[in-house]
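A structural walkthrough
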Amino acid sequence: MPDHLHWLFQFGDGESLSKVMLRVKGRSGRLCGSAVWQKGYHDHAVRKEESIRDVARYIVANPLRAGLVSSLRDYPYWNAAWL
């Protein structure tokens, strides 16, 4: 997506979303040489009744729903084993 990121991952021991986001935003900002992120973020924890596969498929299909591509095969930035 050109203006936001969808990311599905599992935390390791001692990790938290705030720690991960601080590292990702800090490192990528330094590599870009400027501030590239807005303050804050929106998160969604996968609940027990939700299917991780369905959540992953929703994320992967986002460029298609946004009209960026007519086929997921045409989107160069997807990389998922959930299809």
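Residues numbered from 1 in each chain as written. Predicted model: local features only at pLDDT ≥ 70, side-chain atom pairs only at ≥ 80, totals over all residues. Heavy atoms only, no water.

1. Concerning the pattern of salt bridges
- Summed over the entire model, instances satisfying the criterion amount to two salt bridges.
- Here Glu15 and Arg23 are joined by a salt bridge, their closest N and O atoms 3.1 Å apart.
- Since its relative accessible area comes to 32%, Glu15 is described here as partly exposed.
- Of the charged contacts in the structure, one is a salt bridge between Arg47 and Glu50, with a shortest N-O distance of 3.8 Å.
- Judged by its relative accessible area of 46%, Arg47 is partly exposed. (Salt bridge = Lys/Arg side-chain N within 4 Å of Asp/Glu carboxyl O. Buried < 20%, exposed > 50% of the residue type's maximum accessible area, 1.4 Å probe, protein only.)

2. Some details on a nonpolar patch on the surface
- On the surface, a nonpolar cluster with roughly 560 Å² of combined accessible area is contributed by Leu5, Trp7, Phe9, Phe11, Val36 and Trp37.
- Secondary-structure assignment places Phe11 in the segment before helix H1 (17-32). (Patch = residues over 30% accessible without salt bridge, like charges linked within 9 Å, V, L, I, M, F, W, Y side chains within 5 Å. Areas by Shrake-Rupley, 256 points an atom, 1.4 Å probe, with all protein chains shown as cover. Helix = DSSP H or I, 4+ residues; strand = E, 2+ residues; numbered from the N terminus.)

3. What about H1?
- Along its 16 residues, H1 runs 22 Å from first to last C-alpha, staying within 8% of the 22 Å computed at 1.5 Å per residue.
- Of the positions making up H1, those classed as buried are Val20, Met21, Lys25, Ser28 and Gly29. Each buried residue of H1 sits inside an arc of 145° when the element is viewed along its axis, so together they form one side. For H1, exposure combined with an orientation more than 90 degrees from the buried face picks out Leu22, Arg27, Arg30 and Leu31.
- Of the residues one or two after H1, Gly33 is the one with positive phi, at around 80°. (Expected span 1.5 Å × (residues − 1). Arc of directions from axis to C-beta.)

4. Here's the deal with helix H2 (residues 52-60)
- For H2, the complete set of buried residues consists of Val55, Ala56 and Val60. In a view along the axis of H2, the buried residues occupy a sector of 135°, so they form one face of it.
- Those residues of H2 that are buried are in contact with helix H3 (62-65). (Contact = heavy atoms within 4.5 Å.)

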